[in-house]
Amino acid sequence: MDSINLLSKFTFRRAINAGKVLLGYYFSKWTKKPHQWGMPISIAIEPTTSCNLRCPECPSGLRSFTRETGMLQESFFQKTIDELYKDLLYLTFYFQGEPYLNSKFLKMVNYASRKNIYTATSTNAHYLDDENAKSTVESGLDRLIVSIDGTTQESYQSYRIGGDLQKVIEGTKNILKWKKTLMSKTPHVIFQFVVFRQNEHEVDEIRKLGKQLGVDEVRIKSAQIYDYENGNERIPTKEEYSRYKKTNDGTFLPHEGGTEGDLTSCWKMWHSCVITWDGKIVPCCFDKDAKHQLGNLQEKTFRDIWLNESYTKFRASLLRSRKEIDICSNCSDGTKVWV
């Protein structure tokens with residue numbers, strides 16, 4: 001049902017644009033020179049950098065940003081969507097921070113939904129009280145990812161520091177209740193379980209909990225660890241759940257992408273980008289501190305930035321080698337093509 005919903009967002013123009021982007025990507029790989037023939041198929045935009053939790057592998061949780069923190073303004077968001085919506089298929093309302101801390105968040109979701117854009121967000125679910133849950137369903141949000149990294153309070157709070165597992169469960173129940181009450185097919189509710197050493201024994205339990213509550217999907221995700229090279233207490237012991245593998249000399253490397261796999265491309269740099277709350281455009285979600293700024297929407301149009309010299313040079317560096325770029329070293333999925 002979720003896939004059908006996504007496909008329903010395609011228009012003739014969006015399909016043509018997606019084809020142009022895909023052809024440009026493969027032609028760039030073939031010629032070893034960057035060619036961008038379309039506008040982004042998907043973007044992520046940051047509602048806020050603020051967060052109520054203190055997760056130790058997250059810049060928002062650690063309060064470790066060097067860039068400014070703040071809230072996405074509704075007027076700026078609408079202006080951006082007005083420029084992009086005819087070609088844009090998929091919009092992620094998330095980068096850093098907890099989206100529900102922005103008081104205008106659901107109004108912005110509704111604005112994008114009325115433009116027939118597929119909308120998704122990720123939340124720690126601490127603000128899904130009855131009123132917010134109802135408003136979420138009414139907003140037209142298509143996908144809601146609920147971060148739930150434990151089935152007991154002890155394992156959950158080992159990473160989600162300051163979090164309350166019961167609030168997450170109650171918030172999920174509220175969403176599911178209002179979906180049923182309002183007879184809505186959306187949002188597609190996903191339990192996302194990031195696997196660490198502290199919770200890897202609960203993978204089967206989270207699947208059981210998701211089925212018991214009636215969520216639409218349970219997703220098991222490997223954890224991004226910043227300090228992984230010499231091992232880390234959060235890296236799972238089971239390699240099937242880990243983004244990293246141990247080498248013969250005892251150090252760790254990412255399984256795919258990063259320093260392995262296809263080192264001369266990144267599909268994300270052709271079909272998507274990230275927009276920070278204050279309008280900076282950065283390559284992808286791995287540039288959490290916005291070190292690789294490619295332009296600012298407060299100063300220029302999106303099209304001008306998407307096709308500018310800085311973007312062209314960045315794409316060219318990817319075609320030479322991802323090893324040239326620091327944020328690519330810990331990436332496990334940049335080469336995977338999504339259309």
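For clarity, every value in this text was computed on a predicted model and none was experimentally measured.

In this section: the overall build of the chain. Counting its regular elements, the chain contains 12 helices and 11 strands. Relative to its length of 339 residues, the chain is compact, with a C-alpha radius of gyration of 20 Å against a globular reference of 20 Å. Viewed in the frame of its principal axes, the chain has a C-alpha envelope of about 55 × 50 × 35 Å. Expressed as a percentage of its 339 residues, the buried residues of the chain come to 55%. Contacts in the chain between residues at least 24 apart in sequence constitute 68% of all its contacts with a sequence separation of at least 6. Positive and negative side-chain charges of the chain, numbering 48 and 42 respectively, have mean locations separated by a distance of 5 Å.

Along the chain, Glu46 falls in the loop between strand S1 (42-45) and helix H3 (59-62). Among the polar contacts listed, one links the side chain of Glu46 to the backbone nitrogen of Gln96, at a separation of 3.4 Å. A polar side-chain atom of Glu46 sits 3.0 Å from the main-chain amide nitrogen of Trp277. When neighbours within four sequence positions are excluded, Glu46 is seen to be in contact with Arg67, Leu72, Phe95, Gln96, Ile275, Thr276 and Trp277.

Ranked by size, the top nonpolar core spans 89 residues in total, and within it Phe77, Leu91, Phe93, Ile275 and Phe302 carry the most contacts. Those residues in contact with Leu91, other than ones at most four positions away along the chain, are Ile43, Ile45, Phe77, Ile81, Ala112, Ile117, Tyr118, Thr119 and Ala120. If you look at the next biggest cluster of nonpolar residues, it comprises five residues, including Phe95, Val274, Val282 and Ala290.

Moving on, we come to helix H4 (residues 74-84). Burial in H4 covers these residues: Glu74, Phe76, Phe77, Thr80, Ile81 and Leu84. Angular distribution of buried residues about the axis of H4 spans 160°; they occupy a single face of the element. For H4, the exposed residues set more than 90 degrees away from the buried face come down to Ser75 and Lys79.

Counting through the fold element by element, Asp2 comes out in helix H1 (residues 2-7). According to the relative accessible area criterion, Asp2 is buried, its value standing at 12%. A polar contact is formed between the side chain of Asp2 and the side chain of Arg143, at a distance of 2.5 Å. Residue contacts for Asp2: discarding those within four places in its chain leaves Tyr118, Asp142, Arg143 and His188.

With that settled, the discussion passes to the environment of Leu209. With respect to the helices, strands and loops of the structure, Leu209 is situated in helix H9 (residues 203-213). Judged by relative accessible area, which is 15%, Leu209 ranks as buried. Note: C-alpha distance between Leu209 and Thr151 (58 residues apart in sequence) is 7.8 Å.

Right, let's talk about the confidence of the model for the chain for a bit. In low-pLDDT regions, the fine details of the predicted coordinates are not to be read closely. Scored by pLDDT, the chain has a mean of 90; 93% of the residues are at 70 or more. This model gives residues 257-261 a pLDDT under 50, and the stretch forms 15 contacts once residues within four places in sequence are excluded. Confidence drops under pLDDT 50 across residues 334-339; counting only partners more than four residues distant or on other chains, this segment forms 22 contacts.

Okay, the pattern of salt bridges next. One pass over the structure, following the stated rule, counts 15 salt bridges. For Asp87, the salt bridge identified is with Arg13, shortest N-O distance 3.0 Å. Of this pair, Asp87 sits in the loop between H4 and strand S2 (90-92) while Arg13 sits in helix H2 (residues 12-31), placing them 74 residues apart in sequence. Given a relative accessible area of 43%, Arg13 falls into the partly exposed group. One salt bridge connects Asp149 with Arg160, and the closest N-O pair in it is separated by 2.7 Å.

Our next topic: unusual backbone geometry. Between Thr186 and the following residue, Pro187, the backbone shows a cis peptide bond with an omega angle of 5°. Looking at where Pro187 falls in the secondary structure, it is placed in the loop between helix H8 (165-181) and strand S5 (188-195). Here the phi dihedral of Ala125 falls at roughly 70°; this positive angle occurs in a residue that is not glycine. By the secondary structure assignment, Ala125 is in the loop between strand S3 (118-123) and helix H6 (130-139). Given a relative accessible area of 1%, Ala125 falls into the buried group. The phi dihedral of Ala290 is positive, around 55°, even though this residue is not glycine. Tracing the backbone through its elements, the reader meets Ala290 in the loop between strand S10 (280-282) and strand S11 (295-296). Judged by relative accessible area, which is 4%, Ala290 ranks as buried.

For Gly214, the position within the fold is in the loop between H9 and strand S6 (217-222). The class for Gly214 is partly exposed, based on a relative accessible area of 40%. Between the C-alpha atoms of Gly214 and Cys51, which are 163 residues apart in sequence, the distance is 27 Å.

Right, let's talk about the sheet that holds S1 for a bit. With mixed pairing, the nine strands of this open sheet are ordered in space as S6-S5-S4-S3-S2-S1-S9-S10-S11. Looking at which strands have only one partner, the edges of the open sheet turn out to be S6 and S11. Bridging between S2 and S3 involves three bridges; their strand directions are parallel. Bridged to Tyr90 within S3 is Tyr118.

Thresholds, definitions, all that
- Residues numbered from 1 in each chain as written.
- Predicted model: local features only at pLDDT ≥ 70, side-chain atom pairs only at ≥ 80, totals over all residues.
- Heavy atoms only, no water.
- Helix = DSSP H or I, 4+ residues; strand = E, 2+ residues; numbered from the N terminus.
- Rg over C-alpha atoms; globule rule 2.2 N^0.38 Å.
- Buried < 20%, exposed > 50% of the residue type's maximum accessible area, 1.4 Å probe, protein only.
- Contact = heavy atoms within 4.5 Å.
- Lys, Arg positive; Asp, Glu negative; His and termini not counted.
- Charge placed at Lys NZ, Arg CZ, Asp CG, Glu CD.
- Polar contact = N/O pair within 3.5 Å; in protein donor to acceptor, adjacent residues only side chain to side chain.
- Core = buried A, V, L, I, M, F, W, Y, C linked by side-chain atoms within 4.5 Å.
- Arc of directions from axis to C-beta.
- pLDDT = per-residue confidence, 0-100.
- Salt bridge = Lys/Arg side-chain N within 4 Å of Asp/Glu carboxyl O.
- Pairing = 2+ DSSP bridges.

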